[in-house]
Amino acid sequence: MPEYEFTDVYVPRGVSRKEATRLLTDHAEYGHWELDRLTLLRNGGRRVRLRRRIIRQVRGTW
């Protein structure tokens, strides 16, 4: 089963959907993150949980 690391990004209320999309696209392209969960908060902000797979190298015995 794959292992993941997570990070939370908070997008404030005044940020437009287009700007939020650009921010998350940058995280995805340059940090290899993918969307795990999006939560809309009562104050109008968004809490976004991103994840990326942890790739562990197996040491060979040569």
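Just above, that's the structure.
Residues numbered from 1 in each chain as written. Predicted model: local features only at pLDDT ≥ 70, side-chain atom pairs only at ≥ 80, totals over all residues. Heavy atoms only, no water.

Observations regarding the overall build of the chain
A count of helical and extended segments in the chain gives one helix and three strands. Written out in order from the N terminus, the α and β elements of the chain read β-α-β-β. What you see for the chain is a C-alpha radius of gyration of 15 Å, clearly larger than the 11 Å of a compact globule of 62 residues, by over 25%. Over its C-alpha atoms, taken along the principal directions, the chain stretches across nearly 55 × 20 × 10 Å. (Helix = DSSP H or I, 4+ residues; strand = E, 2+ residues; numbered from the N terminus. Rg over C-alpha atoms; globule rule 2.2 N^0.38 Å.)

Things to note about the packing of aromatic side chains
The final tally for this structure, using the stated rule, is zero aromatic pairs. Here Arg 49 stacks its cationic end above the ring of Phe 6, 5.4 Å away from the centre of that ring. It is Arg 51 that lies over the ring of Tyr 4; its NZ or CZ is 4.2 Å from the centre. (Phe/Tyr/Trp six-rings, centres within 6.5 Å; stacked < 30°, edge-to-face > 60°. Lys NZ or Arg CZ within 6 Å of the ring centre and 35° of its normal.)

Notes on the sheet that holds strand β3 (residues 46-54)
Spatially, β1-β3-β2 is the arrangement adopted by the three strands of the open sheet, whose pairing is antiparallel. Because the sheet does not close on itself, it has two edges, and the strands there are β1 (3-11) and β2 (34-40). Each adjacent strand pair in this sheet contributes to an overall mean axis angle of 20°, direction not counted. Sheet topology note: the β1/β3 ladder contains nine bridges and is antiparallel. In the sheet register, Phe 6 faces β3, and the bridge partner there is Arg 51. Lying over the sheet, helix α1 (residues 17-31) contacts β1 and β3, oriented at roughly 15° with respect to β3. (Pairing = 2+ DSSP bridges. Axes fitted to C-alpha atoms, helices over the stretch in contact; angles between N-to-C directions. Contact = heavy atoms within 4.5 Å.)

A few points about the nonpolar core
One finds Val 9, Val 11, Ala 20, Trp 33, Val 48 and Leu 50 forming the largest nonpolar core, which totals six residues. Of all the secondary structure elements, the ones that give two or more residues to this core are β1 and β3. When sequence neighbours within four positions are dropped, the list of residues in contact with Val 11 reads Ala 20, Leu 23, Gly 45, Arg 46 and Val 48. (Core = buried A, V, L, I, M, F, W, Y, C linked by side-chain atoms within 4.5 Å. Buried < 20%, exposed > 50% of the residue type's maximum accessible area, 1.4 Å probe, protein only.)

Considering α1
Counted at 1.5 Å a residue, the expected span for α1 with its 15 residues is 21 Å, and the 21 Å between its end C-alpha atoms agrees. Trailing α1 by a residue or two, His 32 shows a phi angle of about 60°, which is positive. (Expected span 1.5 Å × (residues − 1).)

Don't take any of this as a statement about function, it's just geometry.
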